[in-house]
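Below, each chain spelled out in residue letters.
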Amino acid sequence: MKGILQNKPFLYILTGLIVAMIPLVTDMDRSTLTMLNLIVIYAIVAIGFNILLGYAGQISLGHAAFMGLGAYISAYFTSNFELPFLASLLLAGVIPMVVGLILGLVALRLEGHYLAIATLGFGVALQQTFKEWIGFTNGFSGARAVTPEIFGFALREREHFFVLVVIVCVLLILFAHNLLSSKTGRALIAMRDSEHAAQAMGVSLFKYKLIAFALSTFYAGIGGSLYVHLIRFTEPNQWGIDVSLNLLAMVVIGGLASIPGSVLGAAFIVFIPEFVKDIEWLQNIKNVASIFTGVALVLVILFFPYGLARISTQIKASLLKRQKQPIPKEMEG
Amino acid sequence: MLKLEKVDAYYGYIHALKNVSLEIKEGNIVTLLGANGAGKTSILKVISGLLKPQKGNVAFNGKDLTGQSPDKVVKQGIIQSPEGRQVFPELTVKENLQIGAYTQSREANQSLEKVFHYFPRLKEREKQDAGTLSGGEQQMLAIGRALMAKPKLLLLDEPSLGLAPLIVKDIFSIIKEINGQGTTVFLVEQNANQALSISHYAYILETGKVIHHGPAAEIKNDSKIKQAYLGGH
Amino acid sequence: MVEFFQNVIAGLETGSLYALAALGLVLIYRTSDVINFAQGEMAMFSSFIAFTLFQQTMSYPVAFLGAIVFAVVLGFLVERIFIRPASKATLVSKMIITLGLIMIFNGLASAIFGIDMHPFRKALTMDNMTIGEVIIQPNAIFIISITLVIMAILFYMIKNTLMGIAIRATAQNETTAKLMGVPVSKVYSLSWIIATVLGAIAGVLIAPTTNVSTTMMAEVHLKSFIAAVLGGFGSFVGPVVGGFVIGVFDNLVGYYISLQWKTVIVYALLIIILIVKPTGLFGKVHRKKV
Amino acid sequence: MRNYSKKGLSLAFIFVLLFSMTACSGEKSTSGKAKEKEKVELAQGVTKDSVKIGTIGVQSGALAFIGTPYFEGMEAYLNKVNDDGGVNGRKIELVKKDDEFKPDKAVQAMESLVYDDKVFAVVGQLGTPGVMATESIVKDEGIPAVYFGSGAKQLTKSGENFFPVQPNYYYEGKLMAKYAVEEFKAKNVVVIYQNDDVGRDGVEGFAEGLKELGKSGLLKEEGKLAVGAADTDFTVPVQKAKSLNPDVVIVYSLAGATTGILKEFEKVNFNVPMITTYSNADASFLALAAPGAPNVIENLHVMGWVDAKPEKLKPLMDAMAKYFPNQKVINAYTMAGWVAAETFVAGLKEAGDNLSWEGYIKAMNGLTFTDGLAPEISYVKGKREGVTKMALSKVTKNDKGAFIFELKTDYTEFK
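Keep in mind the model is a prediction, meaning the values are calculated, not measured.

### Remarks on the overall build of chain B
Then, in step 1: Along chain B, the regular secondary structure elements total ten helices and ten strands.
Then, in step 2: Its C-alpha atoms give chain B a radius of gyration of 17 Å, within 12% of the compact-globule value 17 Å for 233 residues.
Then, in step 3: Projected onto the principal axes, the alpha-carbon positions of chain B cover approximately 45 × 40 × 35 Å.
Then, in step 4: Per-residue burial over chain B gives 55% buried out of 233 residues.
Then, in step 5: Pairs at least 24 apart in sequence give 66% of the contacts found in chain B among residues at least 6 apart.
Then, in step 6: Of the roughly 10100 Å² that chain B leaves accessible, carbon and sulfur atoms contribute 46%.
Then, in step 7: Between the centroid of the 28 positive side chains of chain B and the centroid of its 23 negative side chains there is a distance of 3 Å.

Printed below as a string of structure tokens:
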């Protein structure tokens, strides 16, 4: 028993199963279910983004555009070519991945904030393309997507759709998990920790950065596809910098290089504004949700700089310290 | 002049200094010897205010310095030349020296001449970026930079580290000269022989504890101590 | 040809404002390695202060100076309250804090000042001049000159004053700077204050074009990033040139190529420039802090 | 040790999800899936003495400047109706949802209105992205939806239970073409349009209007000039417009960009008649635009579909003063919200006690409403065009030197 519980893939699957069942056995508001679906969808994108940021140490401020690209591709192919949903889902992952590869080939030579701005620029340009390429995106009137059908079963109910997104999420988590415990994963981590050391170890930095970038765009595209079939509509203004920055926040808040962290981060960023909006006594103050979400974001970083996923470790560490030794204080200058 | 009394300090989880007491008398060169990780740098950090001791106190000329911020410590006349030189690579030699005189900027020009007198090489390279200097030159710059603060007490952290023997000899003779001009020097070294030969007094540190102290000449000649703690040269 | 010059001058005018904001970004980045995403929102807040003061006093200098004084306080407080306590956090975490600040400032501004747009006057309201057929507004000349003057002052300060050297020293090696007696906390405060003031100036100067509103800085802020990268984070001349280039280029592409596609074209060019010259037009390799 | 914490994490994850569910569902854990229509006479959201309706729109973030006055106008009207005793003895209760102008939030909001709050109707949903994203839910459920704060043209074809009021931008564009041709005798027109859902529909409608009038030659392809809503420099479009020597310029953009364009016109002293959209037909726009362009603004004409004569506006002004005494700005959005509530209530009165969805829709289908701010709204014979009559006003100075709108034409339709 203990052996099984130590097996992480098994734990992921078990957690996924339990989570997927919750809406089926409990009675939840439809809008809450929509939000849960969105949390899992953003979690997928955040996991991909975490491979890039948390493991490979590369930043991107343009991933919203890849998510949008996935959404448009899926909407386009299912409505215009009546492509089966699963095929379009795959396509919505693969095409952004190819675009990501091409962008990666040129942009990944840049470092740090230069990479950040290059990807930001690419994101803005791609979003602008969504606005102008009306034949593909239907411009500002927006693109519609159908209710997905899998082997003849239409996922009209939110509960059913939730099962789908959880399955996809767990599959992608397992994939990420296996990848990160493989040679590629070790190379990525070595590279993040020290480029020089990694180079000395014979890691081809560029190749691994590229792999991480392409994977993150794949995850973003898949997330976009699921999104558009859930909401059944998309338009260009959605895929702007704010979503890219939100993705960044999800990964950091949840914890860099932590898969459960990305899920927690996605839950935090999607859920907190809704939660704040529902607090009655705050509703008379204008824009209160924005202020409180901002404050929450700052507080999490200040008190849990290693992310939500590592709270328990952090608390344990500080408890240990307190018992055995006084806490050292580096002084402020 | 400077007194550490029963200082305990932690570095993360590591208990870096255990009940350390030491005294530096005015006008002396005092050497602190010990192996890597014995806690030598921690003592300097405690003095400079980078590391706050958990227990004990630091007094300078009778004034309590415990827990003061580094810039306040520098204003008292204590300055440290850190390990590994740590010059500012993208600042010119002159700018590096100017930063050294941050707390004494009114007398910067006067100090500058003094430093150029000790290290004529620095004058030649005044306008060059410090990152382009050789290791020895950078060490000169680091010491010169510290002198710019007109220190009463100069803390030197392994000034001989990574330098060729000839240059080390130069450096040590300059330290002696600086001391001769009235600056008290607290020298942290692994290079025991040369350090002891210019020092008045010495402390030996092992795993965070002072295990021996005495006049430098005595320690230098005590073969037992040398054998036990200083790698037996 | 008249249109060409008209577009270039207007480009220089807006480019100046990108440049001012970019200088602020670069200053904070150089000292603390943080990219301040909230720069635009902070500038917006300062502009609202200018607007409110102008309504109260009807005096432009009072409004302008009031905004600057406010920016000094704001920059100081933001560094103290939000950035410094996070000194242990990673750089990317600090960036997330500035994201949180965007939400806080935007929310606060709507709660305090409301969500309406307000007109704001120009710094100089004299009649236009014409050279040939090209129309030149004195205000445009004022904006361009003020940018160049500020750049020169900043450049001088960073290069030649002790505080400037201390800022650069802190940027390179914080611990050693501390050991040399540099009060690094003051250096951080100062760089945030200067950066916030630069943003405020940009905000007050752009307000006549964009009106005073909670969204007034969106475009300026984005372009200032681009300007900083284009010019390079390594120098203080770079972002100014970057700002001018973006301003002028935007107009020329819009005029001679396509208004609809200009955003795509300008950003594509940015990416190309970065690939050819990864540290920006004026950049040298910036040493990362260890 | 490690595995304990990992297990803890997985548990925490489930916990977070559980927590989010309970926190959101609150006390209302009644079935969210009860979609079987109640066969009782009264539809959902209706009781003996109340009618619950819902609305969705942007109330925070960058576009709150639209939603805030809009919902105030709506609430002002509903408060007035309620204070006067309600409709057929029923007080109207409004549930507001903020969608931040985002489609996914709008879908969540619509779901919670329709399935959780169980409102009787959706009134005055604001914002094209949200309206488009929720269209299928409204269509599938058949819930009455009155007034869309959106200029999107496809709403006229969405279905029986859709009751648009506000003219769509496409139609407005067509009508602008008619005015350009008939009022201004234009020979050469330039359109500067905001390059988003607002301006694009407008410029398309304008081109279509010219085509139907047989005057396609008036607008050349290079005469369609795009601007961004957040642009900081309007030199290029204005230079281009000037170089084309038009005799009429259409400025199809919202207040922010329009003021920028006008200031640039002022700078280069470019004086031609201009026509702009009804979105700018209010005093707050003039207050924003006039200081920067005191001369050229007198060339500006605006479209209008609400009758902004002081005597017509009096009930609105009084209600706003009573219910929102702190709100100084009363603009086109306030009026739009007011009209939304007005139109819905007109249908409610008509439907009498027959408050099922079918009953309401039937009542609306017989409605031709002329007592409100808009000159005429009619849904007779399945018409879903909303307001079709618009008039042109010109900006001018009154005796006190303040800028006002002066009605220039009658309310007319395209045709």
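### Side note on the pairing of strand E14 (residues 403-407) of chain D
Residues in a regular strand point their side chains to alternate faces of the sheet.
Residues and elements named next belong to chain D.
Then, in step 1: The sheet contact formed by strand E13 (residues 391-397) and E14 spans five bridges and is antiparallel. Its bridge partner lying in E14, Val-395 is registered against Phe-405.
Then, in step 2: Adjacent in sequence and paired antiparallel, E13 and E14 are bridged by five residues, among which Gly-401 carries a positive phi angle near 85°.

### Describing unusual backbone geometry
Then, in step 1: Here Arg-232 of chain A, not a glycine, exhibits a phi torsion of approximately 65°, which is positive.
Then, in step 2: For Arg-232 of chain A, a relative accessible area of 22% gives the class partly exposed.
Then, in step 3: Phi at Asn-61 of chain B is positive, roughly 50°, even though this residue is not glycine.
Then, in step 4: Looking at the element boundaries, Asn-61 of chain B is found in the loop between strand E4 (55-60) and strand E5 (63-64).

### Details of the sheet that holds strand E6 (residues 78-81) of chain B
Residues and elements named next belong to chain B.
Then, in step 1: The six strands are arranged E6-E7-E8-E3-E9-E10 in an open sheet whose pairing can be described as mixed. Only two strands of the sheet have a single neighbouring strand rather than two, namely E6 and strand E10 (209-215). If you compare each strand with its neighbour and ignore which way they point, the axes differ by 15° on average.
Then, in step 2: Contacting E6 and strand E7 (153-157), helix H6 (residues 135-147) crosses the sheet at an angle of about 170° to E6.

### A look at a nonpolar patch on the surface
All names here are of chain C.
Then, in step 1: The grouping of Val-69, Val-72, Val-73, Phe-76, Leu-77 and Ile-81 at the surface amounts to a nonpolar patch, some 470 Å² of accessible area in total.
Then, in step 2: Looking at the secondary structure, you find Leu-77 in helix H3 (residues 60-83).
Then, in step 3: Taking the relative accessible area as the measure of exposure, Leu-77 reaches 39% and is therefore partly exposed.

### Details of the nonpolar core
Then, in step 1: Tyr-42 and Leu-226 of chain A, Leu-205 of chain C together with Phe-120, Phe-206, Trp-305 and Phe-344 of chain D are the most contacted members of the largest nonpolar core, which has 410 residues in total.
Then, in step 2: Judged by nonpolar contacts, the second largest core, of 28 residues, contains Leu-32, Leu-51, Leu-153 and Phe-186 of chain B.

### Topic: the packing of aromatic side chains
Then, in step 1: Within this structure, the stated rule accounts for 37 aromatic pairs over all chains.
Then, in step 2: A ring pair is formed by Phe-4 of chain C and Phe-5 of chain C, whose centres lie 5.5 Å apart and whose planes are at 75°; its orientation type is edge-to-face.
Then, in step 3: Judged by relative accessible area, Phe-4 of chain C falls into the partly exposed class, the value being 25%.
Then, in step 4: On the basis of an interplanar angle of 80° and a centroid distance of 5.1 Å, the ring pair of Phe-163 of chain D and Tyr-379 of chain D is categorised as edge-to-face. Of this pair, Phe-163 of chain D sits in strand E5 (residues 162-163) while Tyr-379 of chain D is found in the loop between strand E12 (377-378) and E13, placing the two residues 216 residues apart along the sequence. The same class applies to Phe-163 of chain D as to Tyr-379 of chain D, namely buried.
Then, in step 5: Members of the aromatic cluster, connected to one another through ring pairs, are Tyr-72, Tyr-76, Phe-77, Phe-81, Phe-130, Trp-133 and Phe-136 of chain A.
Then, in step 6: The ring of Phe-206 of chain A carries Arg-109 of chain A above its face, with NZ or CZ at 4.9 Å from the centroid.
Then, in step 7: Positioned above the aromatic ring of Tyr-170 of chain D is the side chain of Lys-153 of chain D, whose terminal nitrogen or guanidinium carbon lies 4.6 Å from the ring centre.

### A look at the sheet that holds E14 of chain D
Note: strands within a sheet are paired through backbone hydrogen bonds, in either parallel or antiparallel orientation.
Residue and element names in this part refer to chain D.
Then, in step 1: The seven strands are arranged E7-E6-E8-E9-E10-E13-E14 in an open sheet whose pairing can be described as mixed. Every interior strand has two partners, whereas the edge strands, strand E7 (219-227) and E14, have only one. Between one strand axis and the next, the sheet turns by 25° as a mean value, whatever way the strands run.
Then, in step 2: Packed onto the sheet, helix H6 (residues 197-212) meets strand E6 (189-194), E7 and strand E8 (248-252) and runs at close to 155° relative to E6.
Then, in step 3: Running at roughly 160° to E7, helix H7 (residues 235-243) makes contact with E6 and E7 of the sheet.

### Overview of the domain arrangement of chain B
Residues and elements named next belong to chain B.
Then, in step 1: Once the domains are mapped, chain B shows domain 1 (1-77 + 153-233) and domain 2 (88-150).
Then, in step 2: Computed from C-alpha coordinates alone, the two centres of domain 1 and domain 2 are separated by 23 Å.
Then, in step 3: Facing 14 residues of domain 1, the contacting portion of domain 2 comprises twelve residues.
Then, in step 4: Summed over both sides, the interface of domain 1 with domain 2 buries roughly 1100 Å², with 78% coming from carbon and sulfur.
Then, in step 5: Considering only the side of domain 1, the residues that lose the most area to domain 2 are Ile-171, Ile-174 and Ile-178, jointly responsible for 32% of the buried surface there.
Then, in step 6: The tally of links from domain 1 across to domain 2 stands at zero salt bridges.
Then, in step 7: Ranked by residues supplied to the side of domain 1 that touches domain 2, first place goes to helix H7 (residues 165-180) with five residues.
Then, in step 8: Split by residue class, the side of domain 1 that touches domain 2 holds nine nonpolar, one polar and four charged.

### Overview of the pairing of E6 of chain D
Residue and element names in this part refer to chain D.
Then, in step 1: With six of six residues buried, E6 is to be regarded as a mostly interior element.
Then, in step 2: Taking every second residue as pointing to the same face, both faces of E6 are buried, with Val-189, Val-191 and Tyr-193 on one and Val-190, Ile-192 and Gln-194 on the other.
Then, in step 3: Direction of pairing for E6 relative to E7: parallel, over a ladder of five bridges. Each residue of the ladder has a partner; that of Tyr-193, found in E7, is Ala-226.
Then, in step 4: Viewed along the sheet, the connection from E6 through H6 into E7 turns out right-handed.
Then, in step 5: Relative to E8, E6 is paired through five bridges, and the arrangement is parallel. When the bridges of E8 are listed, Val-191 appears paired with Ile-250.

What counts, and at which threshold
- Residues numbered from 1 in each chain as written.
- Chains lettered and ligands numbered in written order.
- Predicted model: local features only at pLDDT ≥ 70, side-chain atom pairs only at ≥ 80, totals over all residues.
- Heavy atoms only, no water.
- Helix = DSSP H or I, 4+ residues; strand = E, 2+ residues; numbered from the N terminus.
- Rg over C-alpha atoms; globule rule 2.2 N^0.38 Å.
- Buried < 20%, exposed > 50% of the residue type's maximum accessible area, 1.4 Å probe, protein only.
- Contact = heavy atoms within 4.5 Å.
- Areas by Shrake-Rupley, 256 points an atom, 1.4 Å probe, with all protein chains shown as cover.
- Lys, Arg positive; Asp, Glu negative; His and termini not counted.
- Charge placed at Lys NZ, Arg CZ, Asp CG, Glu CD.
- Pairing = 2+ DSSP bridges.
- Axes fitted to C-alpha atoms, helices over the stretch in contact; angles between N-to-C directions.
- Patch = residues over 30% accessible without salt bridge, like charges linked within 9 Å, V, L, I, M, F, W, Y side chains within 5 Å.
- Salt bridge = Lys/Arg side-chain N within 4 Å of Asp/Glu carboxyl O.
- Core = buried A, V, L, I, M, F, W, Y, C linked by side-chain atoms within 4.5 Å.
- Phe/Tyr/Trp six-rings, centres within 6.5 Å; stacked < 30°, edge-to-face > 60°.
- Lys NZ or Arg CZ within 6 Å of the ring centre and 35° of its normal.
- Domains from an automatic or database assignment.
- Buried area = accessible area lost by both parts, 1.4 Å probe.
- Nonpolar A, V, L, I, M, F, W, Y, C, P; charged D, E, K, R; others polar.
- Right-handed = clockwise from strand over helix to strand, strands pointing away.

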